[in-house]
2 protein chains.
Amino acid sequence: MAGEGPRTAAAVVIGDEILSGKVAEANLGPLIAVLREEGVRLQRVAIIPDEVDAIAAEVAHCAARHDAVITSGGIGPTHDDLTVPGVARAFAVEVVRDERLESLIRTWWQDRLTDAALRLADVPAGSRLLAADDALLPLVAMRNVYLMPGVPHLFRRKLETLRRELGGGRPPAVQTMTIAAEETAIAAVLSAVAAAFPQVKIGSYPRKRCRVWVTVEGTDAGAVAEASEELARQLGGRVTTA
Amino acid sequence: MAGEGPRTAAAVVIGDEILSGKVAEANLGPLIAVLREEGVRLQRVAIIPDEVDAIAAEVAHCAARHDAVITSGGIGPTHDDLTVPGVARAFAVEVVRDERLESLIRTWWQDRLTDAALRLADVPAGSRLLAADDALLPLVAMRNVYLMPGVPHLFRRKLETLRRELGGGRPPAVQTMTIAAEETAIAAVLSAVAAAFPQVKIGSYPRKRCRVWVTVEGTDAGAVAEASEELARQLGGRVTTA
């Protein structure tokens, strides 16, 4: 999937600890930044529990609708790490022990080897390994699903492998402006310009003290510039910062 | 839904600006804290685009499976605010103008009134209004779906209304410990204790420098204490902090 790369992605965060508030989610921010830089549009995020059925259902849903699915979490050696069986079930394949991973683990763990460590060699049948340049285990990919670690510092190190795999697209063009007005007072102008430029997305976000932050975004930089100019023209003196 | 309150919830965050990385998600943290304090288990989070079909599908999915669904975002006056038609479609009802909301808006906006401001009075048919004590408009609830604003300072102000509506349960009991070990070395003990105490959830989260943070959680405080003691007994001297 090099070259143009996938155009859309979904992220599936697997972790009771996030949903229960014991740990703050920390991987989406860095993931979103990389996807954006590489021109991949993130269209959906789901945060779900450590349960095989929930993982299988969400991954199957996303894999059928997006070019790439990035999972975060649930790939460690303990009983609550269920992403591998969940992804296997999503594609109706078995969980198998990968010989290359097993060999790496035996070499790495040496006399500290446990059955739990060997569980790290289990993958959905048909997975491929994406070589890492970070001295960690390779990233496992099952068709268009990438199984990233949940631990934030490991997640960030694997992001460069993911970038190589998914990269190559161009980020969208974006222009922003701040308007000194109530949102209700400028809504009609925003709607009219949005309708006139269907190839761009116009976002409107109220801020405190009667300010609205407006974003104009799209893959066609010319259309983004034109729509921004039209907004600025119609909103005139109320544009406070570009 | 006072008293015991709902036991499970899902959150649906509606916003292109989050998915595209233009704005960092800021409402889940405060929401998760309130739900936890009130004994409501958050079981799913979805972050989806400003699209009526996506909103309708996700809200319908969640409303059928959870006691409460909290949406965040998409309820303002502009063209990209599509949560009301999305929730209406989820329940196959029309969007209607609520007379009480319209009256409040006319009183509040006075000579600044626009058609866009009046859009704030549109709700899914059959919705109820939850009185606010924050001088903002009431919180709209459609069956078990609560339509919260996306702007973080407004979201936080509405959280107390939501707490009154959903509250009354008890937070789960939780005990935590840090273990000086590789996760692969203690995985077998964690699995055995988890199997022996099916009424508690044991979570295992590797930290740097060969430490594992272990959490034991459940509604039965006695079982949580027993499982924690059993873990401490079996892991012996490797428990560094309770």
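Relevant structure appears above.
In this text, all values refer to a predicted model and were calculated from it rather than measured experimentally.

What should I look at first to understand unusual backbone geometry in this one?
Residues other than glycine predominantly adopt negative phi, and peptide bonds predominantly adopt the trans conformation. Residues and elements named next belong to chain B. Of note, the phi angle at Ala-92 is positive, near 55°, even though the residue is not glycine. In this fold, Ala-92 is placed in the loop between helix H4 (83-90) and strand E4 (95-97). Judged by its relative accessible area of 72%, Ala-92 is exposed. In the Ramachandran plot, Arg-209 falls in the positive-phi region, its phi being about 55° despite a non-glycine side chain. The residue Arg-209 is located in the loop between strand E10 (201-207) and strand E11 (211-218) in this model.

Before we go on, may I ask you to explain the pairing of strand E10 (residues 201-207) of chain A in this structure?
Strand residues, when the strand is regular, have side chains that alternate between the two faces of the sheet. Relative to strand E11 (residues 211-218) of chain A, E10 of chain A runs antiparallel, the two being bridged by seven bridges. Within the sheet, the bridge partner assigned to Pro-206 of chain A lies in E11 of chain A and is Val-212 of chain A.

Even after reading the chapter, I still don't get the interface of chain B and chain A, so can you show me in this structure?
Quite often, the size of an interface is put as the accessible area lost when its parts meet. If you look at the interface, chain B gives 54 residues, while chain A gives 54 residues. Surface buried jointly by chain B and chain A totals about 4100 Å² across both partners, of which 57% is contributed by carbon and sulfur atoms. It is Lys-22, His-79 and Thr-184 of chain B that lose the most area in chain B upon contact with chain A, and together they represent 15% of the buried surface on that side. At the junction of chain B and chain A, the tally comes to eight salt bridges. Its salt-bridge partner being Glu-182 of chain A, residue Arg-112 of chain B comes within 2.3 Å of it at the nearest N-O pair. At the boundary of chain B with chain A, the tally comes to 20 residue pairs in polar contact (both at pLDDT 80 or more). Breaking the side of chain B that touches chain A down by element, the ones donating at least two residues are helix H1 (16-19), helix H2 (28-37), strand E2 (41-48), helix H6 (115-119), helix H8 (183-196), E10 and E11 of chain B. Judged from the three bridges that link them, strand E2 (residues 41-48) of chain A and E2 of chain B form a sheet pairing that is antiparallel.

Help me understand the relation of the copies chain B and chain A, please; the structure alone is not making it clear to me.
Two chain copies here: they are related by a rotation about an axis and a translation along the same axis. Between chain B and chain A, the superposition needs a rotation of 180° and an axial shift of 0.0 Å, giving an RMSD of 0.0 Å. Given the turn and translation reported, the copies of this chain are related as if by a two-fold rotation axis. Ranked by how close their C-alpha atoms come to the rotation axis, the residues of chain B are headed by Ala-46 of chain B, at 2.2 Å.

Cut-offs used in this document
Along each chain, residues carry numbers from 1 onward, in the same order as the chain's sequence is written. Chains carry letters from A onward and ligands carry numbers from 1 onward, assigned in written order. In keeping with the predicted nature of the model, local features appear solely for residues at pLDDT of at least 70, side-chain atom pairs appear and are counted solely at 80 or more, and the whole-chain, interface and lining totals rest on all residues. Side-chain numbers here rest on the full set of heavy atoms in the structure, without hydrogens or water. Numbered from the N terminus, helices here are DSSP runs of H or I no shorter than four residues, and strands are runs of E no shorter than two. Only protein chains enter the area calculation, which uses a 1.4 Å probe; residues under 20% of their type maximum are buried, those over 50% are exposed, and those in between are partly exposed. Strand pairing is assigned whenever DSSP identifies at least 2 bridges connecting the two strands. The contact criterion used throughout is that any non-hydrogen atoms of two residues lie within 4.5 Å. Buried area: the accessible surface (1.4 Å probe) lost by two parts on joining, summed over both. When a carboxyl oxygen of Asp or Glu lies within 4 Å of a side-chain nitrogen of Lys or Arg, that pair is called a salt bridge. N or O atoms closer than or at 3.5 Å make up a polar contact, with two conditions inside protein: a donor-capable atom paired with an acceptor-capable one, and, for residues adjacent in sequence, both atoms drawn from side chains. Fitting of the copies onto one another was done by least squares over C-alpha atoms, counting residues only where both copies have pLDDT of at least 70.

Distances and angles like these do not, on their own, reveal function.
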